[in-house]
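Here's the letter readout for the chains.
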Amino acid sequence: MRLITHNMLSSNIKGVVNGFPLRIEAEKVMEKTMEMNSEFLEKMFEKVDWKAFVDASRAMGYTELPEEANSSMLDSDEFLNRFHHALLELDLEEGALVCPETGRRFPVSKGIPNMLLHEDEV
Amino acid sequence: MPQNFLYCSNSGCGSGLSGETISENGHHWIGLDILASMLNVAVEREIEGDLLLGDMGQGLGICPEVMDGAINISVVQALQTVGNSLNFNPSKLTLSNRLKISIRSP
């Protein structure tokens, strides 16, 4: 699971009011190379919850993102490279996603989060 | 698919066949399926999208207005035959509404 997905994912448990962002418990993180697409990054920049993104990057062991960001930074190749790397090239292979309200853990195995809910959570 | 669609949800993505088409056209996608066996095939095939093990009947868990498009192949049939959703009731199915919530308005 990459951070582009994590930034769009929330806890779906019945009764949870604010299930975003899920906290990341990283046991194994992989890095994969992907071709950069500046147009896509500019588009995603408008959608990304930046604080959730920075916190998630740190949980994945990547600390090169600025605390705050604005669209003028997209003119910087250095910033684009870091944004691209954190968003699309870090992959959570093993670990868990934790609901911020209930503490419920959604296990991540082989890069696949298991978001299946129990009967009493639907 | 219009060229400006860049980020899609792919419900019932299975082994990633339809997702591969999305990737080949330069787009990104999140795939969701309830069958771990199919998702494992997708992992082995090293597809480019991100995968989630989840039950469509339980909702997507994707934040509103972030997806540019949605592809759902054989999803409703699968809900009726494979889904773990208990007491499945078509009149309560809000899949299309959930997808609408996830998709950004043009």
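What you see is a predicted model, and the numbers here were worked out from it, not measured in a lab.

Participant: Help me out: how do you make sense of the sheet that holds strand S3 (residues 50–53) of chain B in this one?
Facilitator: Residues and elements named next belong to chain B. Reading across the sheet, the four strands line up as S3-S2-S1-S4 and stay open at both edges, with parallel pairing between neighbours. With partners counted over all chains shown, the strands left at the sheet margins are S3 and strand S4 (69–72), one partner each. The sheet shows a mean angle of 20 degrees between the axes of neighbouring strands, taken without regard to direction. In this fold helix H2 (residues 36–44) packs onto strand S2 (28–33) and S3, with an angle of close to 165 degrees to the strand it touches most, S3.

Participant: Looking at this model, I keep getting lost on the packing of aromatic side chains. Mind explaining?
Facilitator: Each aromatic ring pair is specified by the distance between its two centres and by the angle formed by the two planes. Residue and element names in this part refer to chain A. Counted under the stated rule, the structure contains nine aromatic pairs over all chains. Measuring from centroid to centroid gives 6.1 Å for Phe-45 and Phe-79, while their planes differ by 80 degrees, and the two rings are edge-to-face. A residue pair is termed long-range when its members are at least 10 positions apart, and Phe-45 in helix H2 (residues 38–47) and Phe-79 in helix H4 (residues 77–89) qualify at 34 residues. Linked through ring pairs, Phe-45, Trp-50, Phe-53, Phe-79 and Phe-83 together constitute an aromatic cluster.

Participant: When you look at H4(A) in this model, what are you seeing that I'm missing?
Facilitator: Every α-helix carries 3.6 residues per turn, so stepping three or four residues along brings you back to the same face. Taken residue by residue, H4(A) has Phe79(A), Leu80(A), Phe83(A), His84(A), His85(A), Ala86(A), Leu87(A), Leu88(A) and Glu89(A) as its buried positions. In the core, the buried residues of H4(A) are packed alongside helix H1 (3–6), strand S1 (23–31), H2, helix H3 (50–59) and strand S2 (90–98) of chain A together with S2 of chain B. Two or three places before Glu78(A), at the start of H4(A), stands the capping residue Ser76(A), its side-chain oxygen 3.3 Å from that residue's backbone nitrogen.

Participant: Looking at this structure, I do not really get the pairing of strand S1 (residues 7–11) of chain B. What am I missing?
Facilitator: Remember that side chains alternate between the two faces of the sheet whenever the strand is regular. Residues and elements named next belong to chain B. By the criterion of burial, S1 is predominantly enclosed, with five of the five residues buried. Pairing of S1 with S2, which is carried by five bridges, proceeds in the parallel orientation. Each bridged residue has a counterpart across the sheet, and for Ser-9 the counterpart in S2 is Ile-30. In this fold, S1 hands off to helix H1 (residues 17–24), which returns the chain to S2; that crossover is right-handed.

Participant: How do you make sense of the environment of Asp49(A) when you look at a structure like this?
Facilitator: Residue and element names in this part refer to chain A. Among the secondary structure elements, Asp-49 is positioned in the loop between H2 and H3. Placed 42 residues apart in sequence, Asp-49 and Asn-7 show a C-alpha to C-alpha distance of 6.7 Å. Asp-49 has contacts with Asn-7 and Phe-20, leaving out every residue within four places of it along the chain. One polar contact links the side chain of Asp-49 to the main-chain amide nitrogen of Ala-52, over a distance of 3.0 Å.

Participant: Help me understand the side chain of Thr5(A) in this model?
Facilitator: Tracing the chain through its elements places Thr5(A) in helix H1. Ignoring anything within four residues of it in the chain, the contact list for Thr5(A) reads Tyr7(B), Ile30(B), Asp50(B) and Leu52(B).

The rules behind these values
Residues numbered from 1 in each chain as written. Chains lettered and ligands numbered in written order. Predicted model: local features only at pLDDT ≥ 70, side-chain atom pairs only at ≥ 80, totals over all residues. Heavy atoms only, no water. Pairing = 2+ DSSP bridges. Helix = DSSP H or I, 4+ residues; strand = E, 2+ residues; numbered from the N terminus. Axes fitted to C-alpha atoms, helices over the stretch in contact; angles between N-to-C directions. Contact = heavy atoms within 4.5 Å. Phe/Tyr/Trp six-rings, centres within 6.5 Å; stacked < 30°, edge-to-face > 60°. Buried < 20%, exposed > 50% of the residue type's maximum accessible area, 1.4 Å probe, protein only. Polar contact = N/O pair within 3.5 Å; in protein donor to acceptor, adjacent residues only side chain to side chain. Right-handed = clockwise from strand over helix to strand, strands pointing away.

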